[in-house]
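Each chain is listed here by its residues.
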Amino acid sequence: MSSSTESRRREVLHAIVGDYIKTHEPVGSKALLERHQLGVSSATIRNDMAVLESEGLIAQPHSSSGRVPTEAGYRQFVDSLREIKPLSQAEHRAMLTFLEGGVDLEDVLRRSVRLLAQLTKQAAVVQMPNLKVSRVKHCEVVALSPVRLLLVLITDNGRVDQRNVELDAVIEPEDTARLRDLLNNALSGQTMAQASQRLAELVESAPLDIRHHVLRAATTLIETLVDQPSDRLIMAGTSNLTRVARDFPEGLPSILEALEEQVVVLKLLARLPDQGNVSVVIGEENEEDQLRSASVVATAYGSLEAALGGLGVVGPTYMDYSGTISKVSAVATYVSDILAGE
């Protein structure tokens, strides 16, 4: 087969995928000739479609209908994308303005998923930064009552976690300040792995008169934050999926259940490529059964030193891959820049 024939058939496949994404209707040879300048006869187009069908790249849902892309067809389409749809200047400005309005890290991430869901008309997910790669920036200690403290742990990527500590004795105001200083001297600049060891050492070396308070605070931090860093998903746009429920052959409930349970999506986001690259997983390529009737487009965000988490969208296999890849990539870049203070 000549390279020109192969190139034309790839063009026909791209046209079928593009038209099906736009119309959600099977695509016939006549429609292809009317919509695209393919420069060949209808007989040649029908022959090309027959070859593409024999290769498993397109399928005919009904004997009298046109063709629709298969998952293999979408995969070939995605792999051959040379150009990703660029965002307009207006889209760039609106995106950046909206994300920069976030008051803290969690607000920025919540804005990012709302924005992605709105831009792509899919369900969007973002993972809160993994504490394992974070360093402690500050630990604030607030007395809620004479026998209850609030610990606020702030990491270098802007994540804020709070825990209450019940004391076994009254703590004086000046001892609250001493406890704060002791915790910060031990924890500031430490990774979570290092923090656990430093807290254990602090309990041993703390002044005797407040050691019991140090023990309660250190135990709470180790048990709830340091040794068990919580991965958490923020979601938006799941209602977008209910509007296209008929397009999930295995049924929408399993996909919504996977999003709700979070574990499935967190496992997926843990396998993301390096920052700057976008992962596209189509239908049966998903390792998790619950997502095998959907496609997932996702990427990592973070700093040059380490990825802090992942973000992306979940939707039907006929999604606009080029546009979705562009939007997921742009949002991840902006989130990373904002976290870096750029």
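Residues numbered from 1 in each chain as written. Predicted model: local features only at pLDDT ≥ 70, side-chain atom pairs only at ≥ 80, totals over all residues. Heavy atoms only, no water.

### Comments concerning the packing of helix α5 (residues 89–100) against helix α13 (residues 321–339)
For step 1, the next point in the chain: It is at 10 Å that the axes of α5 and α13 come closest, and there the two elements cross at 40°. The angle between the axes of α5 and α13 places the two elements in the oblique class. Between α5 and α13 the crossing geometry is right-handed. For the pair formed by α5 and α13, the contact residues are Glu91, His92, Met95, Leu96, Leu99 and Glu100 on the first element and Lys327, Ala330, Val331, Tyr334, Val335 and Ile338 on the second.
For step 2, the next point in the chain: Among the residues forming the contact of α5 with α13, the class breakdown is eight nonpolar, one polar and three charged. (Axes fitted to C-alpha atoms, helices over the stretch in contact; angles between N-to-C directions. Helix = DSSP H or I, 4+ residues; strand = E, 2+ residues; numbered from the N terminus. Parallel < 35°, antiparallel > 145°, perpendicular 65-115°, else oblique. Left-handed = near helix turned anticlockwise from the far one by under 90°. Contact = heavy atoms within 4.5 Å. Nonpolar A, V, L, I, M, F, W, Y, C, P; charged D, E, K, R; others polar.)

### Thoughts on the sheet that holds strand β4 (residues 136–145)
For step 1, the next point in the chain: Read across the open sheet, the three strands follow the order β4-β5-β6; overall the sheet is antiparallel. Lying at the two open borders of the sheet, with one neighbouring strand each, are β4 and β6 (160–166). The sheet shows a mean angle of 20° between the axes of neighbouring strands, taken without regard to direction.
For step 2, the next point in the chain: The sheet contact formed by β4 and strand β5 (residues 148–155) spans eight bridges and is antiparallel. Opposite valine 141, over in β5, you have leucine 151 as the bridge partner.
For step 3, the next point in the chain: Packing of helix α7 (residues 173–187) onto the sheet brings it into contact with β4 and β5, and relative to β4 it is tilted by some 160°. (Pairing = 2+ DSSP bridges.)

### Observations concerning the packing of aromatic side chains
For step 1, the next point in the chain: By the definition in use, this model includes two aromatic pairs.
For step 2, the next point in the chain: Where tyrosine 20 meets tyrosine 318, the ring centres are 6.2 Å apart and the plane angle is 85°; that geometry is what we call edge-to-face. Of this pair, tyrosine 20 sits in helix α1 (residues 3–23) while tyrosine 318 sits in the loop between β10 (307–315) and α13, placing them 298 residues apart in sequence. Tyrosine 318 shares its class with tyrosine 20; the two are buried.
For step 3, the next point in the chain: For the ring pair tyrosine 74 and tyrosine 321, a centre distance of 5.7 Å and an interplane angle of 55° mean the geometry is tilted. Pair noted here: tyrosine 74 is in helix α4 (residues 71–79) and tyrosine 321 is in helix α13, with a separation of 247 residues, a long-range link. Across the pair, exposure class does not vary: tyrosine 74 and tyrosine 321 are buried alike.
For step 4, the next point in the chain: A cation sits over an aromatic face here: arginine 111 above phenylalanine 98, 5.0 Å from the ring centre. (Phe/Tyr/Trp six-rings, centres within 6.5 Å; stacked < 30°, edge-to-face > 60°. Buried < 20%, exposed > 50% of the residue type's maximum accessible area, 1.4 Å probe, protein only. Lys NZ or Arg CZ within 6 Å of the ring centre and 35° of its normal.)

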